[in-house]
Each structure stands twice: as C-alpha cells, then as structure tokens.
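Below are the chains, spelled out letter by letter.
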Amino acid sequence: MPLSPACRGCPEKNEKEHGRCVPPLNRLCGGMRLSRYFLPILRETPKEAEIASHRLMLRAGMIRQEAAGIYAWLPLGFRVLKKIEQIVREEQDRAGAVELLMPTLQLADLWRESGRYDAYGPEMLRIKDRHERELLYGPTNEEMITEIFRAAIRSYRDLPRNLYHIQWKFRDEQRPRFGVMRGREFLMKDAYSFDVDEAAARLSYNKMFVAYLRTFARMGLKAIPMRAETGPIGGDLSHEFLILAETGESGVFCDKGVLDLPIPDEGVDYDGDLSSIIRQWTHLYAATQDVHDEVRFEREVPPERRLQTRGIEVGQIFYFGTKYSAPMNAVVAGSDGVERPIHGGSYGVGVSRLVGATIEAFHDDAGIKWPEPVAPFRVMILNLKQGAADTDAACEQLYAALAAKGMDTLYHDLDERPGAKFATADLIGVPWQILVGPRGLAEGKVEVKRRADGTRDLMSPADALARLTA
RNA sequence: CGGAGUGUGGCUCAGCCUGGUAGAGCACCUCGUUCGGGACGAGGGGGUCGCAGGUUCAAAUCCUGCCACUCCGACCA
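Residues numbered from 1 in each chain as written. Chains lettered and ligands numbered in written order. Predicted model: local features only at pLDDT ≥ 70, side-chain atom pairs only at ≥ 80, totals over all residues. Heavy atoms only, no water.

Engineer: Help me out: how do you make sense of the overall build of chain A in this one?
Structural biologist: Counting secondary structure elements, chain A contains 15 helices and 24 strands. Computed over the C-alpha atoms, the radius of gyration of chain A is 24 Å, within 12% of the 23 Å expected from 2.2 N^0.38 for a compact globule of 470 residues. Reported as C-alpha extents along the three principal axes, the dimensions of chain A are approximately 80 × 60 × 45 Å. Counting the 470 residues in chain A, one finds 53% classified as buried. Surface accessibility of chain A: about 20900 Å² in total, with carbon and sulfur atoms responsible for 50%. In chain A, which carries 63 positive and 68 negative side-chain charges, the distance between the mean positions of the two groups comes to 3 Å. (Helix = DSSP H or I, 4+ residues; strand = E, 2+ residues; numbered from the N terminus. Rg over C-alpha atoms; globule rule 2.2 N^0.38 Å. Buried < 20%, exposed > 50% of the residue type's maximum accessible area, 1.4 Å probe, protein only. Areas by Shrake-Rupley, 256 points an atom, 1.4 Å probe, with all protein chains shown as cover. Lys, Arg positive; Asp, Glu negative; His and termini not counted. Charge placed at Lys NZ, Arg CZ, Asp CG, Glu CD.)

Engineer: What exactly am I supposed to notice about the protein's contact with RNA strand B here?
Structural biologist: Surveying the vicinity of RNA strand B reveals 40 residues, the closest of which are R171, R175, D426, E447 and R456. Expressed as a percentage, the sugar and phosphate content of the atoms of RNA strand B within 4 Å of the protein is 47%. At a separation of 2.4 Å, a sugar or linking oxygen of RNA strand B approaches a polar side-chain atom of R43. Interatomic distance of 2.6 Å between a side-chain N/O atom of R59 and a base oxygen of RNA strand B. Sorting the residues of the surface near RNA strand B by element identifies β2 (63–67), β14 (306–321), α13 (418–428), α14 (438–441) and β23 (446–450) as the ones contributing at least two each. Per-element tally for the surface near RNA strand B: the top contributor is α13, with seven residues. When the residues that make up the surface near RNA strand B are grouped by side-chain class, the tally is 13 nonpolar, eight polar and 19 charged. (Near = heavy atom within 4 Å. Polar contact = N/O pair within 3.5 Å; in protein donor to acceptor, adjacent residues only side chain to side chain. Nonpolar A, V, L, I, M, F, W, Y, C, P; charged D, E, K, R; others polar.)

Engineer: How do you make sense of the nonpolar core when you look at a structure like this?
Structural biologist: Buried together is how nonpolar side chains tend to be arranged in soluble globular proteins. The biggest cluster of nonpolar side chains holds 84 residues, and the ones touching the most others in it are M62, I84, Y212, F216, M219, V355 and W370. With nine residues, the single largest contributor to this core is helix α8 (residues 198–218). The contacts of Y212, once residues within four sequence positions are left out, are Q92, K189, F241, G315, Q316, I317, Y347, G348 and V349. With 20 residues, the next largest nonpolar core counts M102, W111, Y117 and L163 among its residues. (Core = buried A, V, L, I, M, F, W, Y, C linked by side-chain atoms within 4.5 Å. Contact = heavy atoms within 4.5 Å.)

Engineer: Please clarify how the side chain of D255 should be interpreted in this entry.
Structural biologist: Within the fold, D255 resides in strand β12 (residues 250–255). Owing to a relative accessible area of 1%, D255 belongs among the buried residues under this scheme. At a separation of 2.8 Å, a polar atom in the side chain of D255 contacts the main-chain amide nitrogen of G257. In this structure the side chain of D255 is engaged in a polar contact, spanning 2.6 Å, whose partner is the side chain of R305. In this structure D255 touches L284, Y285, V301 and R305, once residues within four positions along its chain are discounted.

This is the structure:
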C-alpha cells in the first residue's frame, strides 16, 4: 500500500508500519487551523450532563446528542474515536484476527436459528422493511458471523480462525445515560473465534486476553481483567476488562498487586505459549461485585492489599463452546472424517465507550487531559496576539514545520484574547500547547506547556520543534 | 419498567402561583477601545414559549391529552 503524503514522517509509528493505515487515519496526520475547523465549544455546562466525561465531551464540542443515547460525533470527538479504533485494530491484527465488516441490519430469521430472536427482549430494535420482512438493528453478531463462517468452512484444517469487525451496534436500553458511556447506539469491536475443540478454543481465548492487555495499555489506560458472569451470551469462561474510576458502574474488588503487573510487549509471540501470562494476570484476586466472594477475598488477599472501588467495563471476552454452532449447524470434519460443531468465543471492546472512559480517567477542573496516543491533536499552537506581525510569523513557521513532520497540530488562529485561548486549549485537552506571545518573542522564546501536569518551559521555537518532534 | 422532574433564542435561566405588548446573562453581527488565564462601551439580529385540543374578549401562564428529554432505582453482551 503506498504511503499517503500526509502520513510521511508521522510520529505515530514508523513509515513501514504506516502502510497498514486505513484511509481514515491517514487524514488525521497533519495540521488544522481553528479558523477552518468546526469546534463548537460550550462555555456553560448543559444541564443534562452529570458526570465529567459527558459534561466535557459536550463542552469541548466532541459530540451532540440527537436523541436519548444517540450522538453525532463532531470533528474533535470523531478524531479520538478513530484513534482508539485504530489502536484496537492494530492489536487485533497483531494477535492474528482478520478484519471484515458486517451490516448493521440483520434478518430476524437468522436470529430464530439460534433461538435468540424471542429470547433477547425489548433491548433489540426490531424493524420491518416495505415487504413486511422482519429485520433488526444488530446488538451483536454471533449469529451472522456463524452463518458466514459455516457457509465457507468444511474442515478442521481451516481452523483456527478469528474474524472481527468494528461496527455500530444498537441496544435499546431502558435508560441510556452518562453520554457515550451508555448510549443506545455505540461503536464496538467484536471478534469471533472458531476452533476445533475446547482446548484449541482456549488458546484463541488467551490470544485475545493478551491482545486486550496490550490494547488498553497503549491507550494509556490501566485495565484489569476480572472473572465475570457470562450473561445472556452464554458460555462458561469469561473475563471483563475494567478501568478503575470512582464513577464506574460496577463495584470491583481486587488485590492491589494487579495494578503493577507487566504488560506483554509488542514482540509477544501469539503463536507461542501464552499460559504463563494468563496465569500471572489471573492468579491474583480480581472480581466485579456480581461474582465477588467476600470469604475468598479475605482469605486470599492480605488486608493491606485489598482494594475495593468502582470500575468502567471497556471489554469482555467469552468462550461459549457450541452454543451457536450446534443449533446453526456450523460444523467441520475432523481428522477422523466426522463432522462436529465448532467451538466459539466472542470478544468485545466498547470503542465509543472508551472515549468517555478515558476522559473519566484523565481530566481536571479545566478540562480533558488526553493521553498522547488517543489525543485528537498532539500539539496546539496558541497565537496570543493574532494579527501582530511577529506572533503571526512565528506561529505560521511553527505550524508549517510541525505539519511537515506529519504532527497532528491545531493552530488557534482566531482573533480571541489570550485568556479565552488558554481556556479552550485546556478544555479540549491537547497534550502539548505552544504559547506564542509578544512577551516571549521579545526574547526569541515561546512557551511549551504540558497539559497533563501544567509544567511550562520557555525555549526557542527551534528547541520547541525539536522537543515535540523528538 | 417503578418513582421524581424538566420542556421559554445556540447555552444557562427568570417570567407561570395571581391570564393582558416574551425577558436577562452568555454566545452571535457592526463600530470603537482593548489584548499572557474566558475584556469594556455603544448599536443590532435572532424565539410558532415541546405538540394538540379546551376554557376565555385575551393563554408561556389555567384545564385535558400526547410527545420528548433528564435524574434516582431496577435492568445492563
């Protein structure tokens, strides 16, 4: 795949790897002038927003609510969504999963094969087309992927496989809330593994387990795998991945030791033995309220290491055996020539929810503090005296130089007062701000401010460039 | 789905009880003065008061029904 010119030199990753970028990400590399952007900032907090991430996403012009639990993603929010999506994609690919795209609408008849059309309940949005054919807006895709898979695969030699897509889902929640954290329409990565038997399926499960550890860590999040109930999807092996946050929906109990476990590096051999990593991450106590065992907790975890808090679920993995393959007749011939149902697993990541969850983890009173890997822009240039020859020239030079390096840069070139620009920059949470004002330029200096901790350093524009493109 | 609320300009709200020419702050437009942490002055534009009925000479306001949205709880791959 040829490199997009805009991608050349992008600091996201080396150029060789960049050839794998899907087109939407290519567009994220480079610069943007605020005067040509669409960033509808709100000065006051909309009254419906109770929690920080919802409030800040509305104020920062990332989303706009169109109906209960249904949001339009405005340009700034869309950038973050795409960056998170891309990290998820890269780690799925690395773990050997193969991307495809299934439709949002599905035939009811397909769901009758598994028996879930009647079992699912009012959470499923049901639709009829002009021929009175019953359709549904997919809340998940086990049936469809099983249908796709069974049509093509005949032999155990074709296994294992893991297919995934990143697609919008709809679940008609009784009470949507917390903005994109619990919307009715949401973007989810869902992967589905197919194996010849349970032992093989567990190997597939372990790959996704490790991929998830890496995925959330790359976003700057500390996600902890916890034993989980399997819920309506069914099955007998499942972990939820939660990031710790006081505003989380789930109560969690764990051994503090899990907070310091090492994340597998990108050279991890997915075809090798992952069991030691899984053991390391599962032998310490960690459970959500639903499956919490207080007696075991007190027996296994010393008092000083007991942690009781709340968390936000950002992923869940299941092994469910032949739950779908048996009723839907998805079978392969074994080495003995006998056909048997394949053993399946499914693996979800809440992509749109992660946007809100990240803000819950990284914000202060002034606004969002994006971790660099998912920030909508990496650098923001603030021209503190728009229209003055020296500040304009210095900003244009910085902007051109950063864009040439493929750096995501937002140039605040509106004719606003410095205070307003500071407030906007802090609100939208771009990790690095370059403050260019007459005061500093008199000494040939600009100020580089790091949003995460508020530290500022005066330096020459050349040094600022070197520091931010290092 | 139970309970509690709210719908008035892009945002936050007042006005409703006690019916009588639709308001404020912020935002927006023009001009001027400003300019390192959300400036100031003057002038200006923008609203079928959620929808539909009803009562009345007259309804944002009173009555009835509906719709939407929010919060608490239950629910939540």
